[in-house]
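# Structural characterization, general
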Amino acid sequence: MANPHKGEVSFEAGGQPRTLRFDTNAICAVEGHLDLGIDEIVARLERGRLSIVRALYWGGLVGGVTLIEAGNLIDDLGYKRANDLLREALALAFPKSE
């Protein structure tokens, strides 16, 4: 079960329960893979770059998956649902200050 206080989002894909979380290690892994900072990653996500979505799933899935497996999960979820889950997890990782 996901813990939203830790920035976790739960869903099912590929016949298995999954958790998406963007902690420091996940963000650093994606930044290193893409050779981009998180601000540029989010900007490119806003422009609809599927490669960014896949890289974020690769880095953010608890338990780890390959890039190919991340793409397969996105296909299983459908792009809209995958993007909605991703945005939810990113919003939890970067809450707006009050």
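Thresholds, definitions, all that
- Residues numbered from 1 in each chain as written.
- Predicted model: local features only at pLDDT ≥ 70, side-chain atom pairs only at ≥ 80, totals over all residues.
- Heavy atoms only, no water.
- Phe/Tyr/Trp six-rings, centres within 6.5 Å; stacked < 30°, edge-to-face > 60°.
- Helix = DSSP H or I, 4+ residues; strand = E, 2+ residues; numbered from the N terminus.
- Buried < 20%, exposed > 50% of the residue type's maximum accessible area, 1.4 Å probe, protein only.
- Core = buried A, V, L, I, M, F, W, Y, C linked by side-chain atoms within 4.5 Å.
- Contact = heavy atoms within 4.5 Å.
- Pairing = 2+ DSSP bridges.
- Salt bridge = Lys/Arg side-chain N within 4 Å of Asp/Glu carboxyl O.

For the structure on display, the rule yields one aromatic pair. A ring pair is formed by Phe11 and Tyr57, whose centres lie 6.2 Å apart and whose planes are at 80 degrees; its orientation type is edge-to-face. Taken as a pair, Phe11 in strand E1 (residues 8–13) and Tyr57 in helix H3 (residues 50–60) lie far apart in primary sequence, 46 residues in all. Residue Phe11 shares its accessibility class with Tyr57, and that shared class is buried.

Within the largest apolar cluster, 28 residues are counted, with the highest numbers of intra-cluster contacts made by Phe11, Leu20, Phe22, Leu56, Tyr57 and Leu86. Mapped onto this core, the elements with two or more residues apiece are E1, helix H1 (24–34), helix H2 (38–46), H3, helix H4 (67–77) and helix H5 (79–93). Ignoring any residue separated from it by four or fewer positions in sequence, one finds Leu56 in contact with Leu20, Phe22, Val30, Ile41, Leu45, Leu86 and Leu90.

With that settled, the discussion passes to the side chain of Asn83. Residue placement: Asn83 occurs in helix H5. Sequence-distant contacts of Asn83, that is, excluding residues within four places in its chain, are made with Leu45 and Val53.

The next subject is the pairing of strand E2 (residues 16–21). As judged from the six bridges shared by E1 and E2, these two strands associate in the antiparallel manner. Within E2, the residue paired with Phe11 across the bridge is Arg18.

Turning our eyes to something else, we now look at the side chain of Thr19. You can see Thr19 is positioned in strand E2. Once you skip the residues sitting within four places of it in the chain, Thr19 turns out to touch Glu8, Val9, Ser10, Gly60, Leu61 and Val62.

A word on unusual backbone geometry. The phi angle of most residues is negative, glycine excepted, and most peptide bonds adopt the trans form. The phi dihedral of Asp35 falls on the positive side, at around 55 degrees, and the residue is not glycine. Considering the arrangement of structural elements, one finds Asp35 in the loop between H1 and H2.

Let us now look at the pattern of salt bridges. Tallied over the full model, the rule gives six salt bridges. One salt bridge in this structure joins Arg21 and Glu8, with 2.6 Å as the shortest N-O distance. Residue Arg21 is found in strand E2, and its partner Glu8 is found in strand E1; the two are separated by 13 residues along the sequence. Of the residues examined, Arg21 reaches a relative accessible area of 23% and is grouped as partly exposed. The salt bridge involving Arg87 is made with Glu46; its shortest N-O contact spans 2.7 Å. Separated by 41 residues along the polypeptide, Arg87 in helix H5 and Glu46 in helix H2 bring together distant segments of the chain. Using a relative accessible area of 52% as the deciding quantity, one classes Glu46 as exposed. Ionic contacts of the salt-bridge type, sharing partners, join the residues Glu8, Arg21 and Asp23 into one network.

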